[in-house]
Amino acid sequence: MSDIVDSDGDEYDELSELRQRHKPESQPSVDEAFDLDDLLPTIGEFGRYQKLLVFGICLPACIPCGFCAFNQLFMADTPDDYWCRIPELLDLPLEQRKSLAIPKEVDNDELVYSKCYTYGVNWTQLLESGEEDDLTTMEPNSSWPLVKCSQGWEYNTSIVWSSIVIDFDLVCDQDIYPTIGLAALNTGGPVGVYLFGLLNDRAGRRLSYFICLATLLAGSLMTSLSKDFWTWAGSRVVVGLTIPAVYQIPFIISLELVGENYRSFVTVMTCTFYTSGIMLLSAVTYLERDWVRLSYITSLPFYAYFLYMFVMPESPRWLLMRGRLEEALKILERMAMVNGRQFPEAVHLKLEAQIRRDKLKKQKKKVANVGLMDLCRTPNMRLKTILITLSWFANETVYLGLSYYGPSLGTNQYVSFFLSAVVELPSYLCCWYFMDTWGRRWPLSLSMILGGVACVITVMLPDDAVDETLVLYLISKALLSASFLIIYPFAGELYPTQVRGIGIGASSYIGGLGLIVIPFVTYLGKDNLKLPLVIMGFVSMLGGMTGLRLPETLHHRLPQTIEEGEEFGKNWQFKDCCSCAQKPDVLSQPASYENLDVLAGSSNNASEVELEMRDSRRVREPTPRIDERTPLDTTASGSGRPIHRPSMKRLVRQMSVMDTQRTHDGTMQLTHWI
C-alpha cells in the first residue's frame, strides 16, 4: 500500500513525470477531474503573486467602501443650535434679534431659545412704526402669536459650519430627511449586490469591478454637485449600489487565488483594512468640515484605482468555469513563474487536452434542481433556516446601527467614531481564535447576548454619565464586531452544500432589510439618547438566544444534501446548549469534511467544463518512481484504469474559512455582507 506524502515543499519531479507519460497505463487521462485548490500547493498557495494581489489590490479596495459608506454621517451633521431666520432683523446684533424674535421654551429643565418657532408679527411694519432706539429696549409681547419658521434658519457654525442640513435647511419638520438619506444609501446595497453579482458571473470579475468603481465615483460626483436634498438622496442610492460590492469583487478574486489554508487570514486582513479605512475617515472628517470638499476628498483619490486595469488579473477559476481555458492557463503559469515554482507538465497537458476537447463539443453540467422552498419543506431544516435568518438579521442590523450611532455619543463625535472603529481590531483576532477552540455557536451567542446587555444597561446610568455610556457602547460594539465575523461562516456550515448559496443569499438579503430600518431607530436618539441603544440591545440578545438552538459545526462532518441537512442537529436536546465544540475524533487530522461532489451535480464525468486539479499530493511507491496520483486514483487489479465509483466522495477539510457564497460549480458570488 502506498504512503501519502506531503509534497508542498518538494520540487516537481520532471524526470518521473516524463517516464510516466511514456507509459500508456500511467498516462493521465483527459477524463480525470482535478481541482484548482489542489494545484495551488504546487504553484504556491500564498506566494509572491498572491501577496502582491492581496496587499496591492484587495486590501486597498476596502478603503473606498468604508469611506463612502460612512462619510454621509458627517455630510448630514446637524449643528447643536439653530433658530428661525428673520430677514428684517439681520442688521441687528445676534443676541438682540434672538431675544426679540425667538420665544423661549423649556428643554431638559433649562429655558432655551426655540429652534422651530418665532413670533408671528409683521416685522417690517413694526420697524417702520418705531425708532431705532426703541428696538434696543423692546421686549417681546406675550400676546404675540407663535408660528413655525417659514424663511429658513440661522445656525451656530462654531463646530459644524457646513453640511447638507445647513444648506438644505433639514431641521424641525424636515429633521428626518438625513435619516431618509441614510436609508436610501442602504436601499441600494441589496439591489447592487444582485446586479453586480449577475455581471460578476457573466462578464467576469475584472470588468464588473471597474464598472462598480465607476458607478461609485459617479455617485460620489453627483453627491458633490447636488443642489437640493432629493438629488443628494438619489446620488446616495447610486453610491449604495456599490456597497459592499466594490470591495467584495477583488476580495473574491483574492480568495479564489489563495490556498484554503490562507483564506481565513485574507478575510481577517480584509476586515482589518476595512476598519482601518474607517479610522482614517475619522481623521479626514475632523480635518475637513466642508461637506462638498469632504465628498471630493473621499472619492477623487480612488480614480487612481483604474490603474489596476493594467495589473489586476481575471479569476482563473471563473475562466475555467466559462470554458476560457487558454486564458486561465496563462494566468496560472504566470502565477507559478512569479512564485518561483515549476508549473506541473501533467496539468499543462490536461488543460491542453481539455481545450481541444471543448472545441469539439460542449457538455452541460447536470445540476440538482433545488430552490429556496427546499429549505422549508422539512421541519428541522425549516427551523434552522428561520434561526439562522433571525440571527443574521439581528447581527447585521445591530452592528451597523451601532456604527451609525457612534458619533452621537461622548463629548467629541470624531473621537467617538474613531474609538468605535478601533475596538473592532482586537475583536477580530479574538474571535478568530475562539472560533477554532470553542466552536461557532457559543462565541456567536455569547458575544451577541453580552453585547446586547451592555447596550441595555446604559438605561440605568444618569443622563450626565457621558463617559460611562460611551464605554458600554464600545464594549457592545467590540462584541458585535466579533459576532459579525462568525455569523457568515457559521451559516455556511449549517446550510447543506446542495443549497448553501441559496440559503446564505436568502439570509443575507433578509438581514439587509434591517439596514433600511436601523437609521430610523437611531433617529429616535434625538429625543432620548439611550433609547436606540436599548432597542438594539434587546434585538441583539434575541438574536444571540436564537443562535443557542443551532447545532455546533466545529469538528462535525458538514451536511451535503438536503436530506443530510435535515438529519444534522435533528436530535438536539436542551443540554446541548451547555456544551462547546466536541473534541475531534482523530487528533492528528480533524474529522470534519465536506463533499464537493454535490456542488458539481450528480455526474462524476470529468469531461465537464469545471477543471479540478488533483495533482498536489503524490503517492510514493517503494520504487524511486514518483506516482503523481491520489490514493483514489490507484489502479485496480493492474488494469491501468483509475477506480471511479459513485460512492467515492471528494472530501476537503473543514476550516474556519470565511468565504463568500458559491454556486454549484464552486465559483464565489457576491452577497450582502458588509
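Residues numbered from 1 in each chain as written. Predicted model: local features only at pLDDT ≥ 70, side-chain atom pairs only at ≥ 80, totals over all residues. Heavy atoms only, no water.

Per an unreviewed UniProt entry, the protein chain is named Carcinine transporter, and its organism is Drosophila rhopaloa. We quote the UniProt Subcellular location (unreviewed entry) comment for the protein chain here in full: "Membrane". (UniProt positions renumbered as here; feature names shortened; annotations may be inferred.)

J.: I tried to follow the overall build of the protein chain on my own but got confused; where do I start?
T.: The secondary structure content of the protein chain amounts to 25 helices and 11 strands. Within the protein chain, the fraction of its 674 residues that count as buried is 56%. Considering only residue pairs separated by 6 or more positions, the protein chain has 81% of its internal contacts joining residues 24 or more positions apart. For the protein chain, the exposed area adds up to about 29700 Å²; of that, 59% sits on carbon and sulfur atoms. (Helix = DSSP H or I, 4+ residues; strand = E, 2+ residues; numbered from the N terminus. Buried < 20%, exposed > 50% of the residue type's maximum accessible area, 1.4 Å probe, protein only. Contact = heavy atoms within 4.5 Å. Areas by Shrake-Rupley, 256 points an atom, 1.4 Å probe, with all protein chains shown as cover.)

J.: So what exactly am I meant to see when it comes to the packing of aromatic side chains here?
T.: Each aromatic ring pair is characterised by the separation of its centres together with the angle its planes make. Within the structure shown, the criterion is met by 24 aromatic pairs. Judged by centre distance (6.1 Å) and plane angle (70 degrees), the rings of phenylalanine 168 and tryptophan 291 are edge-to-face. Here tryptophan 291 lies in helix α14 (residues 291-297) and phenylalanine 168 lies in helix α8 (residues 164-168), a separation of 123 residues in the sequence. Accessibility expressed as a relative area gives 16% for phenylalanine 168, which makes it buried. Here phenylalanine 229 and tryptophan 232 contribute two aromatic rings whose centre-to-centre distance is 6.0 Å and whose plane-to-plane angle is 35 degrees, an arrangement assigned as tilted. (Phe/Tyr/Trp six-rings, centres within 6.5 Å; stacked < 30°, edge-to-face > 60°.)

J.: For this particular structure, what's the right way to read the side chain of serine 391?
T.: Take serine 391: it is sitting in helix α18 (residues 379-405). Setting aside residues no more than four positions away along its own chain, serine 391 makes contact with Leu444, Met448, Ile487, Gly543 and Thr546.

J.: It is not clear to me how the environment of leucine 558 should be interpreted in this structure. Could you clarify?
T.: Relative to the helices and strands, leucine 558 resides in the loop between α24 (531-548) and α25 (562-567). Spatially, the C-alpha atom of leucine 558 lies 6.4 Å from that of glutamate 493, the residues being 65 residues apart in sequence.

J.: Just to check I follow, could you spell out the side chain of serine 447 for this structure?
T.: Take serine 447: it is sitting in helix α21 (residues 441-456). Those residues within four positions of serine 447 in sequence are excluded, and the remaining contacts are Trp442, Leu479, Leu480 and Ser483.

J.: Could you clarify how one ought to interpret unusual backbone geometry in this entry?
T.: Glycine aside, a negative phi is what most residues show, and trans is what most peptide bonds show. At aspartate 169, a residue that is not glycine, the phi angle is positive and equals roughly 55 degrees. By the element assignment, aspartate 169 lies in the loop between α8 and α9 (177-202). The residue cysteine 172 is not glycine, and still its phi comes out positive at about 60 degrees. A relative accessible area of 13% places cysteine 172 in the buried class.

J.: For this particular structure, what's the right way to read the packing of α18 against helix α22 (residues 466-494)?
T.: The N-to-C vectors of α18 and α22 enclose an angle of 150 degrees; their axes lie 9 Å apart at closest approach. The hand of the α18/α22 crossing is left-handed. Facing α18, whose interface residues are Lys384, Ile388, Ser391, Trp392, Asn395, Glu396, Val398, Tyr399, Leu402, Ser403 and Tyr405, α22 presents Tyr473, Ser476, Lys477, Leu480, Ser481, Ser483, Phe484, Ile487, Tyr488, Ala491 and Leu494. Across the contact of α18 with α22, the residue classes break down as 13 nonpolar, six polar and three charged. (Axes fitted to C-alpha atoms, helices over the stretch in contact; angles between N-to-C directions. Left-handed = near helix turned anticlockwise from the far one by under 90°. Nonpolar A, V, L, I, M, F, W, Y, C, P; charged D, E, K, R; others polar.)

J.: Could you clarify how one ought to interpret the packing of helix α3 (residues 48-58) against helix α12 (residues 245-257) in this entry?
T.: For any two helices packed against each other, one specifies the crossing angle of their axes together with the interaxial distance. Orientation of α3 relative to α12, taken along the N-to-C sense of each, is 165 degrees, at an axis distance of 10 Å. Judged on the interaxial angle alone, α12 and α3 are roughly antiparallel. In terms of crossing hand, the pair formed by α3 and α12 is left-handed. Taken together, the residues of α12 that come into contact with α3 (itself represented by Tyr49, Gln50, Leu53, Val54, Ile57 and Cys58) are Pro250, Phe251, Ile253, Ser254 and Leu257. By residue class, the composition of the contact of α3 with α12 is nine nonpolar, two polar and no charged. (Parallel < 35°, antiparallel > 145°, perpendicular 65-115°, else oblique.)

J.: When you look at the pattern of salt bridges in this model, what are you seeing that I'm missing?
T.: Side chains carrying opposite charge are able to pair once their charged atoms draw close together. Applying the stated criterion across every chain yields a total of seven salt bridges. Put simply, glutamate 288 and arginine 293 hold a salt bridge, and the shortest N to O gap is 3.3 Å. With a relative accessible area of 15%, glutamate 288 lands in the buried category. (Salt bridge = Lys/Arg side-chain N within 4 Å of Asp/Glu carboxyl O.)

J.: It is not clear to me how α21 should be interpreted in this structure. Could you clarify?
T.: An α-helical turn contains 3.6 residues, so a residue and the one three or four places further along point in the same direction. Taking 1.5 Å of rise per residue, the 16 residues of α21 would be expected to cover 22 Å, and the 22 Å separating its terminal C-alpha atoms lies within 8% of that figure. With 12 of its 16 residues buried, α21 lies for the most part within the structure. Buried residues of α21: Arg441, Trp442, Pro443, Leu444, Ser445, Ser447, Met448, Gly451, Gly452, Ala454, Cys455 and Val456, and no others. Where α21 is buried, its residues meet α18, α20 (424-435), α22 and α24. (Expected span 1.5 Å × (residues − 1).)

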